[in-house]
Amino acid sequence: MSSLSRELVFLILQFLDEEKFRETVHKLEQESGFFFNVKYFEDEVHNGNWDEVERYLSGFTKVDDNRYSMKIFFEIRKQKYLEALDKHDRSKAVDILVKDLRVFASFNEELFKEITQLLTLENFRLTLMLFILFSYASWPFQTTPAPVPSPLAGWMSNPSTVTHPAVSGGGIGLGAPTNPVAILKHPRTPPTNNPAVDYPSGDSDHVSKRTRPIGISDEVNLPVNILPVTYPGQSHSQAFNTPDDLPKNVARMLNQGSSPMSMDFHPLQQTLLLVGTNMGDIGLWEVSSRERLVLKNFKVWDLPRCSMALQAALVKDPGVSVNRIIWSPDGSLFGVAYSKYIVQMYSYHGGDDVRQHVEIDAHVGGVNDLAFSHPNKQLSVITCGDDKTIKVWDAVSGVRQYAFEGHEAPVYSVCPHYKENIQFIFSTAVDGKIKAWLYDNMGSRVDYDAPGHCCTTMAYSADGTRLFSCGTSKDGESYIVEWNESEGAVKRTYQGFRKRSLGVVQFDTTRNRFLAAGDEFSIKFWDMDSTQLLTTIDADGGLPASPRIRFNKEGTLLAVSANENGIKILANPDGLRLLRAFENPSFDAPRVVSENVTKPTISPLSSVAAATSAGLADRGVPVVAISGMNGDTRNLGDVKPRLSEEANDKSKIWKLTEINELTQCRSLRLPDNLRTTKISRLIYTNSGTAILGLASNAIHLLWKWQRNEHNLSGKATANVPPLLWQPTSSILMTNDITDTNPEEAVSCFALSKNDSYVMSASGGKISLFNMMTFKTMTTFMPPPPAATFLAFHPQDNNIIAIGMEDSTIQIYNVRVDEVKSKLKGHSKRITGLAFSHVLNVLVSSGADAQLCVWNSDGWEKQKSRFLQVPTGRTPTSLSDTRVQFHQDQIHFLAVHETQLAIYETTKLECVKQWVPRESSAPISHATFSCDSQLVYASFLDATVCVFSAANLRLRCRINPAAYLPANVSSTIYPLVIAAHPQESNQFAVGLTDGGVHVFEPLEAEGKWGVPPPVENGSASSMPTAPTGGASGSDQPQR
């Protein structure tokens, strides 16, 4: 074809592409053979359209053109074959085998037979897993038949009886390397945009038809569908650029009290350090403040349940050492492997709150190593020991899942990993043997020798693409090497160890760039890409011959064991800033007070997260998280300026606690397997052992906590989930909803003092239920009007005050089934009732925002007053006002969407008021704590706040992110809030989605936030002077 004709073809291609005739343009590309559209070919490969991939490719090369074309056609057809097997489509697989793959048999008959054997397997994917891990399915096609090496040459000295050369996941390429790691390191990924194809001119050098396959050189790979391995929180943007960024400066000195044997930094709170010692002690340190939060001595938790061998060993020699201590991936658990038999798992709840989780009698002899993994999407613990076995345990229950046998010597270490969604475990023994295991019972898949036949530990780089090992032989020869995974051979041996190391050398990796090892009374560093020693530091001296070392996740801190039971914390400049940020979690607020913004509120944990995140905008200053009023900087405009004299009086500065994460408090969503809608009412039983909720569909829900080893008191707690209880009859307590729409009705209930029965209504008749049997004892007062609020008389359970939809209050005697009095004084429905047994009064509130005080002897109205609605606020027509008496029975809390207010009852005067900012979310509900020292309030933006009741100052704010999923609808928020009757720092909220959450502060803290300064005497006394104005609180408003 002439140059002019070629030019015309390219012009046509360009026109078709601009006019978006996609099928036509690719058809012309293929039929003319002038231009190979790599982007289109990439997309079809990524989408698995193998028929189209082969059809398009056939326009440029044929199967038998050369060895490159033969290889790529084999890869395409092999992939189709494996996908058919994976879908259990045997007939299609046979068809592909006969029609498409048979042509390659003449070049390698043995390989074709092995491919055929895949048809006989029930689960071919399981059998092929190691091929994906350790080999790249490349068939070295030649123009003449050639022998094929073992698919796992170098890795499998004892291959299984059936070997298979081809696996799903192999790359498609010309002259592709046999190492999948190379592909993982340097993937070709499709572009995110799709620009118009820039077609060459007719004279372009790219124009060639079948002279060489696709005009691509031998060394270039076509794009493959293998992407780089990444991990949550991983960032390459902060990789070290120079050795100066290594943590080399001694920033902290700690003393554990006994010699550290194993250390591990928390994966999230990166200044928390776990330490295990040669005496069996474990310690938890906040290294920034040098504070040891936890110290636990070794103790068997349940000795009678342990094996007789362990009991005998402890009697013979009670001395126990920690061999390994390590956090789980999310930092909620940590495991301790001891030198005798057992593994102990602890749960971590923040601060110094460390609790026993599960104890496992794991191995006969010492437990030499421990690691966490996620096979089958559940957290597991892997252990190895002197009994030559590797075992896998459920991390929650401690039940054994797998046991691997095959080593001929004590197993020294384990290294779990995953690749291509396949989980596996490396193990090393003291005789230098390395094996690999899948989570099955098929035995070891790999058997080879560590350099020097030494005690070896293995570790991957942070991005999971490079495998290293470090060990010391019996003769004291130490080695750090990098492995070539595809060949099972040593790729690189690092130089710089002394000829005879004293003890087994420990090592660690950081930032996908550096290796570190403790040797020769110092720490030695290597660049992963160079075998020569990079630098050596002695940490100001005082190190043992082979110090233990451990980096934190970001590589900014390095813990090093020192002489005399010491631990040195080394830091780089970022690490020093991190330590300062933790050491000073808050700052002097008055320095940033301006005319436009009040004191920023600081969350200690969120400031840490900010300081250690991978995306810091400015690495030169300590980072502090400044939260808006709802944990969102978009709401900073809601903050009311504080320009009083208190801004300059440090004695009056108090710290607001922001809770933005689940780890900053204890919270528990109660099981809700019943199909319910929003929770309209919520209350704890008087015994404190259960929570009763009433859903808007008129169904009652009762959650009961059981007394057991995890909850000795049997009281409600956020630590242990309760049972959603039902009687053996399985009946439900359901209110009468005859001729009503329960979703639109006002729900109400009241619980008797002895928790025996509940009075309840959902727009229909009032029902009296037996709390033990859930049976309806009686119904009365059919609407209209419907009941909207219920309250038992404090001295007579037979007397009930019933607020009605028609604004009246009926005093009803259950025993005689008679209305004793009807109280009139409100203009809209009744929304709240509360008795004071000290003053002998009933306080009522209504949707009219009016408060009334009634004498409970003769039921006369004594006083009435409307709420002081802030200027500019217009409450909705159906705004509820709730009332609740303080523990002193003289003051009461009034809750309205616009305010929280404390009233003195006899004068009905507001003595304290808290008003949210006008642009803030309305209040949905609030209640006193059981001791009346706190007020818990919920808001329509799902925020929950804790106030000091004495002055209505905000002490703690729980933002939605701390208990709701990130993608939850904005219509999900607490409607009701209830306080535990005995535990003053526990409360529960009922949500619009039917969920109920129980909240408690971290056990290490014991209370919500920091109490404000004492004013006018005792903080527990109620203020008696009216505040005047719209807001009596001089604190930041929501």
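See the structure above.
The rules we used
- Residues numbered from 1 in each chain as written.
- Predicted model: local features only at pLDDT ≥ 70, side-chain atom pairs only at ≥ 80, totals over all residues.
- Heavy atoms only, no water.
- Helix = DSSP H or I, 4+ residues; strand = E, 2+ residues; numbered from the N terminus.
- Buried < 20%, exposed > 50% of the residue type's maximum accessible area, 1.4 Å probe, protein only.
- Contact = heavy atoms within 4.5 Å.
- Areas by Shrake-Rupley, 256 points an atom, 1.4 Å probe, with all protein chains shown as cover.
- Pairing = 2+ DSSP bridges.
- Axes fitted to C-alpha atoms, helices over the stretch in contact; angles between N-to-C directions.
- Core = buried A, V, L, I, M, F, W, Y, C linked by side-chain atoms within 4.5 Å.
- Phe/Tyr/Trp six-rings, centres within 6.5 Å; stacked < 30°, edge-to-face > 60°.
- Lys NZ or Arg CZ within 6 Å of the ring centre and 35° of its normal.
- Patch = residues over 30% accessible without salt bridge, like charges linked within 9 Å, V, L, I, M, F, W, Y side chains within 5 Å.
- Salt bridge = Lys/Arg side-chain N within 4 Å of Asp/Glu carboxyl O.
- Parallel < 35°, antiparallel > 145°, perpendicular 65-115°, else oblique.
- Left-handed = near helix turned anticlockwise from the far one by under 90°.
- Nonpolar A, V, L, I, M, F, W, Y, C, P; charged D, E, K, R; others polar.
- Disulfide = S-S within 2.5 Å.
- Arc of directions from axis to C-beta.
- Lys, Arg positive; Asp, Glu negative; His and termini not counted.
- Polar contact = N/O pair within 3.5 Å; in protein donor to acceptor, adjacent residues only side chain to side chain.

A. Looking closely at the overall build of the protein chain. Broken down by element type, the protein chain carries 13 helices and 59 strands. Here the protein chain holds 1038 residues, and 55% of them are scored as buried. Within the protein chain, residue pairs in contact and separated by at least 24 positions form 56% of the contacts whose partners lie at least 6 positions apart. As displayed, the protein chain offers around 43400 Å² of accessible surface, 50% of which is attributable to carbon and sulfur atoms.

B. Quick peek at the pairing of strand β55 (residues 944-948). For β55, the tally of buried residues reaches five of five residues, placing the bulk of the element in the interior. Along β55, one buried face is formed by Val944, Val946 and Ser948 and the opposite face, lined by Cys945 and Phe947, is buried too. Joining the antiparallel neighbours strand β54 (residues 934-939) and β55 is a turn of four residues, in which Ala942 adopts a positive phi near 80 degrees. The hairpin turn running from β55 into strand β56 (residues 953-958), its antiparallel successor, is four residues long, and Leu952 in that turn takes a positive phi close to 55 degrees.

C. Quick look at the sheet that holds strand β53 (residues 923-928). Read across the open sheet, the five strands follow the order β31-β56-β55-β54-β53; overall the sheet is mixed. Where the open sheet ends on each side, the last strands, each with one partner, are β31 (657-659) and β53. Shown here is a sheet whose adjacent strand axes are inclined to one another by a mean of 20 degrees, direction ignored. Pairing geometry for β31 and β56, over three bridges, is parallel.

D. Seen up close, the sheet that holds strand β12 (residues 389-394). Strand order across the open sheet formed by four strands is β10-β11-β12-β13, with antiparallel pairing between neighbours. Each edge of the sheet is formed by a strand with only one pairing partner; in this case those strands are β10 (367-373) and β13 (400-405). Here the average twist between neighbouring strands, direction ignored, is 20 degrees. Two strands pair when backbone bridges link them, and β10 and strand β11 (residues 380-385) are joined in this way by six bridges, in the antiparallel orientation. Within β11, the residue paired with Phe372 across the bridge is Val381.

E. Up close: the nonpolar core. Membership of the largest hydrophobic core comes to 30 residues, with the highest contact counts inside it found for Tyr81 and Leu101. Breaking this core down by element, the ones donating at least two residues are α3 (38-46), α4 (50-57), α5 (67-86), α6 (90-101) and α7 (109-117). Considering every element that reaches this core, the biggest residue donor is α5, with nine residues. Filtering out sequence-adjacent residues up to four positions away, Leu101 remains in contact with Phe74, Arg77, Lys78, Tyr81, Ile96, Phe112 and Ile115. Counting residues in hydrophobic clusters, the runner-up holds 22 residues, among them Leu274, Ile282, Val336 and Tyr348.

F. Layout of the packing of aromatic side chains. Under the definition given, this model contains 30 aromatic pairs. Relative to Tyr56, the ring of Phe36 lies with its centre 5.5 Å away and its plane at 50 degrees, an arrangement referred to as tilted. Remark: Tyr56 occurs in helix α4 and Phe36 occurs in the loop between α2 (22-32) and α3; sequence separation between them is 20 residues. Note on accessibility: Phe36 and Tyr56 belong to one class, buried. Among the aromatic residues, ring-to-ring pairing joins Phe36, Tyr40, Phe41, Tyr56 and Phe60 into one connected group. In this arrangement the basic side chain of Lys704 is found over the ring face of Trp725, its NZ or CZ atom lying 3.9 Å from the centre.

G. Representation of a nonpolar patch on the surface in the model. Together, Leu8, Leu11 and Ile12 make up a nonpolar patch on the protein surface, roughly 270 Å² of accessible area in all. Locating Ile12 in the fold gives a position in helix α1 (residues 3-18).

H. Looking closely at the environment of Val1010. If you trace the backbone, Val1010 turns up in the segment after β59 (996-1000). Exposure remark for Val1010: the relative accessible area of 35% places this residue in the partly exposed category. For the pair Val1010 and Cys956, spaced 54 residues apart in sequence, the C-alpha separation works out to 7.8 Å.

I. Main features of the environment of Ser879. Structurally, Ser879 can be placed in the loop between β48 (861-866) and β49 (882-885). Separated by 45 residues in the primary sequence, Ser879 and Ser924 place their C-alpha atoms 9.5 Å from one another. The residues contacting Ser879, other than those within four sequence positions of it, are Gly846, Ala847, His896 and Glu897.

J. Spotlight on unusual backbone geometry. In this model, Pro783 is joined to Pro784 through a cis peptide bond whose omega is -5 degrees. Structurally, Pro784 is set in the loop between β40 (776-780) and β41 (787-793). A cis amide bond links Pro784 to the next residue, Pro785, at an omega of -10 degrees. Structurally, Pro785 can be placed in the loop between β40 and β41. If you check the backbone angles, Lys388 has positive phi at about 70 degrees while not being a glycine. Structurally, the position occupied by Lys388 is in the loop between β11 and β12.

K. Broad picture of the environment of Ile537. Examined against the element boundaries, Ile537 turns out to sit in strand β25 (residues 533-537). When the C-alpha atoms of Ile537 and Phe525 are compared, they prove to be 8.5 Å apart, with twelve residues separating the residues in sequence. Setting aside residues no more than four positions away along its own chain, Ile537 makes contact with Pro247, Lys248, Ser522, Ile523, Phe525 and Leu570.

L. Summary view of the packing of α5 against α6. Between α5 and α6, the least distance of the axes is 8 Å, while the angle of their chain directions is 165 degrees. Here α6 runs roughly antiparallel to α5, going by the angle between their axes. At the point where α5 passes α6, the crossing takes the left-handed sense. Touching Phe74, Arg77, Lys78, Lys80, Tyr81, Ala84 and Leu85 of α5 are Arg90, Lys92, Ala93, Ile96, Leu97, Asp100 and Leu101, all from α6. Along the lines of polarity and charge, the residues of the contact of α5 with α6 split into eight nonpolar, no polar and six charged.

M. Just the pattern of salt bridges, in detail. This structure, assessed with the given rule, holds 34 salt bridges. For Lys524, the salt bridge identified is with Asp519, shortest N-O distance 2.8 Å. The class for Lys524 is buried, based on a relative accessible area of 2%. The class of Asp519 is buried, set by a relative accessible area of 0%. Where Glu1000 meets Arg666, a salt bridge forms, and the shortest distance between an N and an O atom there is 3.8 Å.

N. Up close: the state of the cysteines. Tallied over the entire structure, the rule returns zero disulfides. Between Cys454, a cysteine without a disulfide, and Cys455, which holds the nearest cysteine sulfur, the sulfur-to-sulfur distance is 7.2 Å. Overall, Cys454 belongs to the buried group, its relative accessible area being 2%. Cysteine Cys956 is unpaired, with the sulfur of Cys665 as its nearest cysteine sulfur at 7.7 Å.

O. Representation of helix α11 (residues 308-316) within the structure. All buried positions along α11 are accounted for by Leu310, Gln311, Ala313 and Leu314. Down the axis of α11, the smallest arc covering the buried residues is 160 degrees, so these residues share one side. Facing away from the buried side of α11, by more than 90 degrees, are the exposed residues Met308, Val315 and Lys316. Looking at the buried side of α11, the elements it contacts are β8 (342-348) and β9 (354-361).

P. Looking closely at the side chain of Asp394. As for its position among the elements, Asp394 is in strand β12. An unpaired buried charge is present at Asp394: no salt bridge exists, and Arg400, the closest side chain of opposite charge, is 13 Å distant. Looking at Asp394, its side chain comes within polar contact range of the side chain of Gln378, at 2.7 Å. Excluding its chain neighbours within four sequence positions, the residues that come into contact with Asp394 are Gln378, Leu379, Val399 and Gln401.

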